[in-house]
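A closer look at the structure
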Amino acid sequence: LTYVIEDLATFDLGEERYDGIVSVFCHGPAPLRVPLHRKVVQALKPGGVFAVWSFDDDKRFTTRLKKAGLHVETHKISASKKGRGRHHQIWTARK
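Presented here is a report on the structure given in the accompanying data block. (Residues numbered from 1 in each chain as written. Predicted model: local features only at pLDDT ≥ 70, side-chain atom pairs only at ≥ 80, totals over all residues. Heavy atoms only, no water.)

Inspection of the sheet shows strand S1 (residues 18-24) paired to strand S2 (residues 44-54) by 6 bridges, in the parallel sense. Bridge assignment links Ile21 to a residue of S2, and that residue is Phe50. As paired strands, S2 and strand S4 (residues 87-94) are joined by 6 bridges and run antiparallel to one another. In the sheet register, Ser54 faces S4, and the bridge partner there is Gln89. (Pairing = 2+ DSSP bridges. Helix = DSSP H or I, 4+ residues; strand = E, 2+ residues; numbered from the N terminus.)

In C-alpha cells, the structure reads:
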C-alpha cells in the first residue's frame, strides 16, 4: 500500500499506473474536481478501481464516471450503527 500527499491541482497521476485510487473528503470546487477525476481515470490500470466516499449522493458525479467508461456502483451506507439518520455515499468505479 502506497499513499501520496500532494496538491491535487498539480499532481501528475500518470497513465495506467494504479490498481486502485481512493478519494476521501475531496469536495473541492468543480474547476478542480472535474479535471482531477479525468486524470484519475487515465491513471487507473485496466480493471483498476476508483473508490470515492462522500457525505451526499451526486448524480452528476455518477454520470461523469459512466461517461468516462467506468462500470459504476453506488452504495448508501448508514452513518450510525442503528441505521437511522444520516447516510453516506460510496462509489466504486471499475475501469
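Okay, back to it.
Once that is clear, we can look at the environment of Asp57. Topologically, Asp57 is positioned in the loop between S2 and helix H2 (59-67). By relative accessible area, which is 37% here, Asp57 ends up partly exposed. Residues Asp57 and Ser78, 21 residues apart in the sequence, show an inter-C-alpha distance of 13 Å. Those residues in contact with Asp57 that sit more than four places away from it in its chain are Thr62, Gln89 and Trp91. For Asp57, the side chain forms a polar contact with the side chain of Lys59, separated by 2.6 Å. (Buried < 20%, exposed > 50% of the residue type's maximum accessible area, 1.4 Å probe, protein only. Contact = heavy atoms within 4.5 Å. Polar contact = N/O pair within 3.5 Å; in protein donor to acceptor, adjacent residues only side chain to side chain.)

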